[in-house]
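Reading the structure
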Amino acid sequence: MKPVYFAKKPVVRKEEAFIVGCYENLRFDSSVSELLDKEGIGRESLKALNFKGEAGEVASISTPRGHLFIFAGLGRKRELNREKVRKAIGSAVKEAKGRKAKKLAAVMFDFGRKNEGLAAAFAEGLFLASYSFEKYRSEKKEIESVTVYGTEELKEAFYYGKILAEAANFTRDIVNEPGNVITPEALADKAKDLASRYGFKCKIFREKDLEKKNMVGILAVGRGSKNPPRFIHITYRPENPAKKVVLVGKGVTFDSGGLNIKPEQYMKKMKMDKAGACAVLGIMKAIGELKPAVEVHALIPAVENMPDGKAYRPDDILVYKNGRSVEIHSTDAEGRLILADALIYGSDLNPDFMIDMATLTGACVVALGHYTSGLFTPDNGFADKLLSLSRESGEKMWRLPLDEDLEEEIKGTQSDIQNVGKSRYGGAITAALFLKNFVGEGVKTWAHIDIAGPAFIEKDWKYYGYGATGQPVRTLAELIKEMK
């Protein structure tokens, strides 16, 4: 999306779809009411469309003067929250896009009080819904510009929400790219570009470096592809950091399943198996803008999982740097193998918090559906914090147990552990338990987020369209910003 303008006094232009919010019983703030009177839009016009201003409603009216107005229902003012604001402005933007509008103008909703959280949410919904991935379309339908009318006291909060949304949209752009464009090397180039833009340190490990570091999982999974594996380490280090955080993201740029090749219907959309890595890059983009007083290390194991004469096999046994041996029972459970190397590496950095995110298991989607991420952590207080932030961000999470009774499921016969469970039950849990084996004792708090469900969607949902959602970028960016 092109320029964004922030202004005080609303002006209606023919080339812009003009978005306004409306509370139940068709109540507007005074500045909007004056505009509507000038355009000849009365309450009767909206009632004729059966629009009452209830939450979730959207209506559009074209005036004789050639102006397009989009009305977003907000419901009761006292019940307004951040997610309702995102959904309302998002629905209005989708309506404008459906009317083929290329430019938008929006009056920031009247929140009835100075409320930075709602102003930020307004920006999030506006820019998340305005997003479209049209790089390869000959005919573009993307939003070209946005003008926002709001008060000066909420301008900073609005731009904070814009930072979060644009970080998520940056993630979406990379996830949506196909495997013939984003290879492990290309993903490393994205990381280097990001680091250069924000002054981060960035180190890229190639095959010889991986061998020296004994990163056996990355090397094994990457062996079957002509596109060699990479390991990415980005560092943001402010003066006198309050905490140290390690972020780990699974970067399988395309997952065919390897020798345990996926059926055709499950191989489609496997470009999205890099969503965890892309989310880590999106979080780092937000950090580059926000500059929190927290040291952050972003770690990305990047591979392409393909079948080949050199590919790793079922029955192979890998011995990791921390001494744990793993027997391969499925080459299609590759994500945990590469994350293991990253978790060992991250543990050696002695972080206060280490969080990994990955499109790890179909079992998590079976358990929670397409719209909720699975959260695993042994730290109850940290779980409560993440769940609270996810409710505020609208990036839904649900805590699942690290059930020690299921450790027997991944106990190896000729190795310490195996890379899939012995039965089909509890697959998201056994995957998390597998990862726990590679988290060092010096890590104060660890969390694993399985984003297999909401990372990539196949129909419109809330303020998202088809494709990548950028989850959980906004939640974790806010978490890091709030750390002290």
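For the structure itself, consult the block above.
First things first, this report covers the structure right here in the doc. (Residues numbered from 1 in each chain as written. Predicted model: local features only at pLDDT ≥ 70, side-chain atom pairs only at ≥ 80, totals over all residues. Heavy atoms only, no water.)

Quick notes on the packing of aromatic side chains
- Enumeration according to the criterion identifies 24 aromatic pairs in this entry.
- Ring centres 6.0 Å apart and planes at 65° place the aromatic pair Phe28 and Phe71 in the edge-to-face group. Note that Phe28 is positioned in the loop between strand S2 (16–23) and helix H1 (30–39) and Phe71 in strand S4 (residues 68–75), a separation of 43 residues in sequence. As far as the burial class goes, Phe28 and Phe71 line up, both buried.
- A connected cluster of aromatic rings, assembled from ring pairs, spans Phe6, Phe109, Phe122, Phe127, Phe158 and Tyr159.
- Here Lys285 stacks its cationic end above the ring of Phe170, 5.9 Å away from the centre of that ring.
- Of note, Lys481 hangs over the ring of Tyr160, and the distance from its end group to the ring centre comes to 4.8 Å. (Phe/Tyr/Trp six-rings, centres within 6.5 Å; stacked < 30°, edge-to-face > 60°. Helix = DSSP H or I, 4+ residues; strand = E, 2+ residues; numbered from the N terminus. Buried < 20%, exposed > 50% of the residue type's maximum accessible area, 1.4 Å probe, protein only. Lys NZ or Arg CZ within 6 Å of the ring centre and 35° of its normal.)

What to know about the environment of Ser45
- Relative to the elements of secondary structure, Ser45 occurs in helix H2 (residues 43–48).
- By relative accessible area, which is 32% here, Ser45 ends up partly exposed.
- Sequence separation of Ser45 and Asp316 is 271 residues, and the distance between their C-alpha atoms is 70 Å.
- Residues contacting Ser45, with those up to four places away along its chain left out, are Gly40 and Ile61. (Contact = heavy atoms within 4.5 Å.)

Side note on the packing of helix H10 (residues 275–290) against helix H15 (residues 473–482)
- Where H10 meets H15, the axes come as close as 9 Å, and the angle between the chain directions of the two elements is 40°. Our classification of the angle between H10 and H15 gives oblique. When the axes of H10 and H15 are compared, the crossing they make is right-handed. From H10, Ala279, Gly282, Ile283, Ala286, Ile287 and Leu290 reach across to H15, where they touch Val473, Leu476, Ala477, Ile480 and Lys481.
- Grouping the amino acids of the contact of H10 with H15 by side-chain chemistry returns nine nonpolar, one polar and one charged. (Axes fitted to C-alpha atoms, helices over the stretch in contact; angles between N-to-C directions. Parallel < 35°, antiparallel > 145°, perpendicular 65-115°, else oblique. Left-handed = near helix turned anticlockwise from the far one by under 90°. Nonpolar A, V, L, I, M, F, W, Y, C, P; charged D, E, K, R; others polar.)

Digging into the sheet that holds strand S12 (residues 317–319)
- Across the sheet, three strands lie side by side as S12-S13-S17; this open sheet has mixed pairing. Every other strand in the sheet has two partners, leaving S12 and strand S17 (417–418) as the edge strands with one partner each.
- Two elements, S12 and strand S13 (residues 325–327), share three bridges in a ladder whose sense is antiparallel. Within the sheet, the bridge partner assigned to Ile317 lies in S13 and is Glu327. (Pairing = 2+ DSSP bridges.)

A short note on the pattern of salt bridges
- One pass over the structure, following the stated rule, counts 35 salt bridges.
- Its salt-bridge partner being Lys262, residue Asp255 comes within 3.5 Å of it at the nearest N-O pair.
- With a relative accessible area of 2%, Asp255 lands in the buried category.
- Linking Lys269 and Glu458 is a salt bridge whose minimum nitrogen-to-oxygen distance equals 3.5 Å. Of this pair, Lys269 sits in the loop between helix H9 (264–267) and H10 while Glu458 is found in the loop between strand S19 (456–457) and strand S20 (467–468), placing the two residues 189 residues apart along the sequence.
- Taking relative accessible area as the criterion, Lys269 reaches 27% and is therefore assigned partly exposed.
- Of the residues examined, Glu458 reaches a relative accessible area of 52% and is grouped as exposed.
- Shared partners join several salt bridges into a network, and the residues in it are Arg82, Glu83, Arg86, Glu124, Glu392, Glu395, Lys462, Arg474 and Glu478. (Salt bridge = Lys/Arg side-chain N within 4 Å of Asp/Glu carboxyl O.)

Comments concerning unusual backbone geometry
- With an omega of 0°, the peptide bond running from Gln471 to Pro472 counts as cis.
- Its place among the elements puts Pro472 in the loop between S20 and H15.
- Non-glycine residue Asn240 carries a positive phi angle of around 50°.
- Relative to the helices and strands, Asn240 resides in the loop between strand S8 (230–236) and strand S9 (243–249).
- A positive phi angle is found at Lys269, which is not glycine, with a value near 70°.

Side note on a positive patch on the surface
- Taken together, the side chains of Lys100, Arg137, Lys140 and Lys141 define a basic patch exposed on the protein surface.
- Its location among the elements puts Lys100 in the loop between helix H3 (82–98) and strand S5 (103–107).
- Given the relative accessible area of 73%, Lys100 is considered exposed. (Patch = residues over 30% accessible without salt bridge, like charges linked within 9 Å, V, L, I, M, F, W, Y side chains within 5 Å. Areas by Shrake-Rupley, 256 points an atom, 1.4 Å probe, with all protein chains shown as cover. Lys, Arg positive; Asp, Glu negative; His and termini not counted. Charge placed at Lys NZ, Arg CZ, Asp CG, Glu CD.)

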